Amino acid sequence: MGLDGFGAASHAERRNGLKVYLRIAVISLASLALVACQSTTGTKPGSPLPASDTHSSVQTPVAQTSGVAAIGYAAPALTAETRGYSELVIDMSTGRELLELNADAPRFPASLTKMMTLYLLFEEVNSGRLSMSSALAVSAHAQSQPPAKLGLKAGDTITVEQAARAMAVKSANDVAVVVAEAISGSEGAFARKMTAKAQALGMRFTRFKNASGLPDAGHVSTARDMARLGLALKRRFPQYSAFYRARSFEFEGRTFEATNNLIGRVAGVDGLKTGYIRLAGYNLVATANRGGRRRLVVVMGGSSEKVRDDRVTSLLDEAL
């Protein structure tokens, strides 16, 4: 089925599951305060997302709170609802919201996270610190990641281009860690860099704990923040758009099919990213272009892959 978090119960999830749920229970009261805050501070439905998510290199001043970057204030404790449901539809040309449901409610982004990993990787290429042919080393930590993965071995190398395609198409967790370690030295340091970039892009309610989106109670975002990230990724790095609309990826004699089932099956769909872990449900950020009308749809917390895909398709049909 091509799930990019877990299909059947994995060893890693069984090992971490109890710890994650206990942490969720401990900080659940904080989410009530956050929801109240969101009701007064979130972007209003029907208004455009700010344009600051495009090409600006100006960094918003941040304060450090327990190692997490925040925009001028102490980062609130975020608690995502298990399989909480959200929707958002954006006109990509104007940033105007066409529909929203629970768009600021905390959610587990799962492998939607890799949009940020890709964003930071493309920044490294644009800066000249890496090239598409640069070789990235595989560590034992990267090798140990649960599926979905390419099955890389410690001591192997993978090029930046291969890594970008593997994350965009296959949503490979081992590759996400390879990228994180190449850029920041460790996955933990990279997660802090991801959160700082999220804050700079205006993703106010996003906190990243890893490069892949694997389960962590503190790894939280919202539909609106994921829409902002998707827009930023497409606008700032249009030269890599073909990566998100590819239906398969070839690596060392193997073919990996895209996790986005809508590519090539729903008119106009040209990306972007799927996500699944049990805590999140089935997530998808999808972009489409029909007759010059460009839309971005976010669905988080779908009850199944089919339900998610059908709902995204319906939202695109209604919006286009």
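Please refer to the structure placed before this passage.
This structure is a prediction, so every number in the text was calculated from the model and none was measured.

Here is what the cut-offs are and how they apply
- Residues numbered from 1 in each chain as written.
- Predicted model: local features only at pLDDT ≥ 70, side-chain atom pairs only at ≥ 80, totals over all residues.
- Heavy atoms only, no water.
- Buried < 20%, exposed > 50% of the residue type's maximum accessible area, 1.4 Å probe, protein only.
- Helix = DSSP H or I, 4+ residues; strand = E, 2+ residues; numbered from the N terminus.
- Pairing = 2+ DSSP bridges.
- Salt bridge = Lys/Arg side-chain N within 4 Å of Asp/Glu carboxyl O.
- Core = buried A, V, L, I, M, F, W, Y, C linked by side-chain atoms within 4.5 Å.

Student: Quick rundown of helix H5 (residues 160–170)? Include the residues and the values.
Tutor: Where burial is concerned, most of H5 is hidden: eight out of the 11 residues are buried. For H5, the complete set of buried residues consists of Val-160, Ala-163, Ala-164, Ala-166, Met-167, Ala-168, Val-169 and Lys-170.

Student: Residues and numbers for the pairing of strand S4 (residues 97–101), please.
Tutor: Relative to S4, strand S3 (residues 86–91) runs antiparallel, the two being bridged by four bridges. From the neighbouring strand, Glu-87 faces S4, where its bridge partner is Leu-101.

Student: Could you give an account of the pattern of salt bridges, naming the residues involved and the relevant values?
Tutor: Counted according to the given criterion, the structure contains 14 salt bridges. As a salt-bridge pair, Arg-224 and Asp-104 come within 2.5 Å of each other at their nearest N and O atoms. Of this pair, Arg-224 sits in helix H8 (residues 223–236) while Asp-104 sits in the loop between S4 and helix H3 (114–127); the two residues are 120 residues apart in sequence, bridging distant segments of the chain. A relative accessible area of 10% places Asp-104 in the buried class. For Arg-290, the salt bridge is made with Asp-317, and the minimal N-O distance between the two is 3.0 Å. Of the two residues, Arg-290 sits in strand S10 (residues 281–290) while Asp-317 sits in helix H10 (residues 305–319), which places them 27 residues apart along the sequence. What makes Arg-290 buried here is its relative accessible area of 19%.

Student: Describe the nonpolar core, naming the residues involved and giving the relevant values.
Tutor: Among the nonpolar cores identified, the biggest contains 64 residues, and Met-116, Phe-122, Leu-150 and Val-175 are the most heavily contacted of them. The element that contributes the greatest number of residues to this core is H3, accounting for eight residues. Membership of the second largest hydrophobic core comes to 15 residues, among which are Leu-284, Leu-315, Leu-316 and Ala-319.

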